[in-house]
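For reference, the chains in residue letters:
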Amino acid sequence: MSEPVLTLSGITKRFGDLVANDNISLDISPGEVLALLGENGAGKSTLVSILFGHYTADAGEIRVAGKLLPPGDPRAALAAGIGMVHQHFTLADNLSVLDNVMLGTEPLWQPFTQHREARDKLIAVGLEFGLNVDPKAKVGNLSVGERQRVEILKALYRGARILILDEPTAVLTPQESESLFEVLAQMVSQGLAIIFISHKLGEVLRVSRRVAVLRGGKLVAEALAKDCTQVQLAQWMVGHAVAPPERHPAQNIGEAVCVLDQVSTTAQREQLNQVSLTLHSGEIVAIAGVSGNGQVALAELLCGTRQATSGQVTFLGQPLPQHPAELVALGVARIPEDRHAVGVVGDLPVWENAVSERLRSPAFSRFGWVRRARARAYAKRVMEAFDVRGGGPLVAARSLSGGNMQKLILGRALMQPESTAMDTQANPASANAAKVPRLIIAHQPTWGLDIGAVAYVQAQLIAARDAGAAVLVISDDLDEVLTLGDRVAVMHAGQMTAAQPATDWTREAIGLAMAGVAAHDKAAA
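Residues numbered from 1 in each chain as written. Predicted model: local features only at pLDDT ≥ 70, side-chain atom pairs only at ≥ 80, totals over all residues. Heavy atoms only, no water.

Caption draft 1: Representation of helix α6 (residues 174-189). In a regular helix each residue adds 1.5 Å, so 16 residues correspond to 22 Å; α6 covers 23 Å between its end C-alpha atoms and thus fits that length. Those residues of α6 not exposed but buried are P174, E176, S177, L180, F181, V183, L184 and M187. For α6, the arc enclosing every buried residue in end-on projection is 165 degrees, short of the 170-degree limit, so these residues lie on one face. Those residues of α6 that are exposed and aimed more than 90 degrees away from the buried face are E182 and S189. Downstream of α6 by one or two residues, G191 has phi in the positive range, about 95 degrees. (Helix = DSSP H or I, 4+ residues; strand = E, 2+ residues; numbered from the N terminus. Expected span 1.5 Å × (residues − 1). Buried < 20%, exposed > 50% of the residue type's maximum accessible area, 1.4 Å probe, protein only. Arc of directions from axis to C-beta.)

Listed below in structure tokens is the structure:
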């Protein structure tokens, strides 16, 4: 390999008593893909933020092509040729591809926008790196894969020589992922250096030349990808062997818990269009699809925050209640898509978040007063049972890492509060409360989690299924869909294919269905 284009030497960053990065030294050469791995909270985001100028390191230095990079200066990072493609795209849907790429590249006092020159440059960059996107196309009309190409073009248009890709395949179909890998190979052949951040270890070994693993803020391993296995990488990341969840087919599929019959909803962010689905106890139905194709509408409908405009939804043979509190009381549990914005209230302590969905139940309140001792005891049991680390019930929820926050939400959903005789008199239905919920809606349950947290969450969902719960898993991750689903359906443009046994699907068929080319009937499951 040639001389490094990027060198990090002794990078250290502290937040109070927490050492987020501890004397980290790394380098990357032109034409190389370096995979940066680690658990949630391992220090990856902090290190990348220092590289991009969003944070200033307490110690150490960064050099690009031998020149010292000024600390804490994003403009200097961009000028030095450092570009980043975030997991969540930062594009204006109402603007064209060209306008999105040009944003921020011209001085505000420039009297005329040089569209022709910019268009010619954009086309030339696209041809050079195999990123063909129509400059006139409105971003809102593009597929997810095409939007990602626009994000990459934005960085390359600005002269990026070092490109950071954060979970680049998280929202792509298998076919779009293959297309991305071809683009990465083209970029590497042109001499770009790529830092590849991903939790998908198979992809890491496929596209990278070297891997660097962080754990607890320290660089614990660095090796050639060809010398590594997924098992070895996982062990480096978490510090011990990670056993995947024991997957076995559903053994005791029971009654129909929830039935959707030709259900449609209004078009808010997303909509459903004549969707039919049956969810049985003791079974996991997994829904695949690219984000934005109706999954949010489906989850909100079953959680009571959106109403159907036509069709019928029944729960245990009765019309589905329209109020979320009623659904919680009936045994419907939810794991929301956005754990930060919807799953928890970050400024409230863990114990308040743990009881938030049942705060008015007799288990945690009486005569309008919160039973704090019981609520805190319940939160402590949840933290112990679901291995929620990061402090006790009194710490603020926002202080938890992403994985621990997700385990808190999972515990809140799956662990029923203990009832006393007095509670039973106040609410006789509590006497028949199941040990697990009757219905679990898990929307992106492992989004952005490390391999250890993923295995834990998936194992808990399988255990809930085996205990008799009906489980609906909505996920963009095709590996997760095939790992968990007893039956699998695919959503596209608000419609759903029939839910068929997972063994009847191939990855290619699911990918085509995700793109709207379904070979399967859209009839009811």
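Caption draft 2: Spotlight on the sheet that holds strand β4 (residues 59-64). Taken in spatial order, the four strands make up an open sheet running β2-β1-β4-β5, and their pairing is antiparallel. Across the chains shown, the open sheet's two edge strands, defined by having one partner strand only, are β2 (18-28) and β5 (67-68). Sheet topology places β4 next to β5; two bridges connect them, and they run antiparallel. For R63, the partnering residue across the bridge sits in β5 and is L68. Strands β1 (6-15), β2 and β4 of the sheet are contacted by helix α1 (residues 44-51), whose axis makes an angle of about 120 degrees with β1. (Pairing = 2+ DSSP bridges. Contact = heavy atoms within 4.5 Å. Axes fitted to C-alpha atoms, helices over the stretch in contact; angles between N-to-C directions.)

Caption draft 3: Seen up close, unusual backbone geometry. The phi torsion at E167 lies on the positive side, around 45 degrees, for a residue other than glycine. Checked against the element boundaries, E167 lands in the loop between β7 (162-166) and α6. E167 sits in the buried class, given a relative accessible area of 10%.

Caption draft 4: Region of the structure containing the packing of aromatic side chains. Scanning the entire structure with this criterion turns up two aromatic pairs. Ring centres 5.1 Å apart and planes at 50 degrees place the aromatic pair F364 and Y378 in the tilted group. Linking F364 in the loop between α12 (350-355) and β17 (365-366) with Y378 in helix α13 (residues 372-385), this pair joins segments that are 14 residues apart in sequence. The pair formed by F364 and Y378 is uniform in burial state, with each residue classed as buried. Of note, K13 hangs over the ring of F15, and the distance from its end group to the ring centre comes to 5.3 Å. The side chain of K121 reaches across the aromatic face of Y157, ending 4.4 Å from its centre. (Phe/Tyr/Trp six-rings, centres within 6.5 Å; stacked < 30°, edge-to-face > 60°. Lys NZ or Arg CZ within 6 Å of the ring centre and 35° of its normal.)

Caption draft 5: Quick peek at the packing of helix α4 (residues 115-129) against helix α5 (residues 144-157). Running from N to C, α4 and α5 cross one another at 110 degrees; their axes reach a closest spacing of 10 Å. Relative to α5, the element α4 lies roughly perpendicular. Contacts from A118, K121, L122, V125, G126 and F129 of α4 reach α5 at L153, L156 and Y157. Partitioning the contact of α4 with α5 into residue classes produces seven nonpolar, one polar and one charged. (Parallel < 35°, antiparallel > 145°, perpendicular 65-115°, else oblique. Nonpolar A, V, L, I, M, F, W, Y, C, P; charged D, E, K, R; others polar.)

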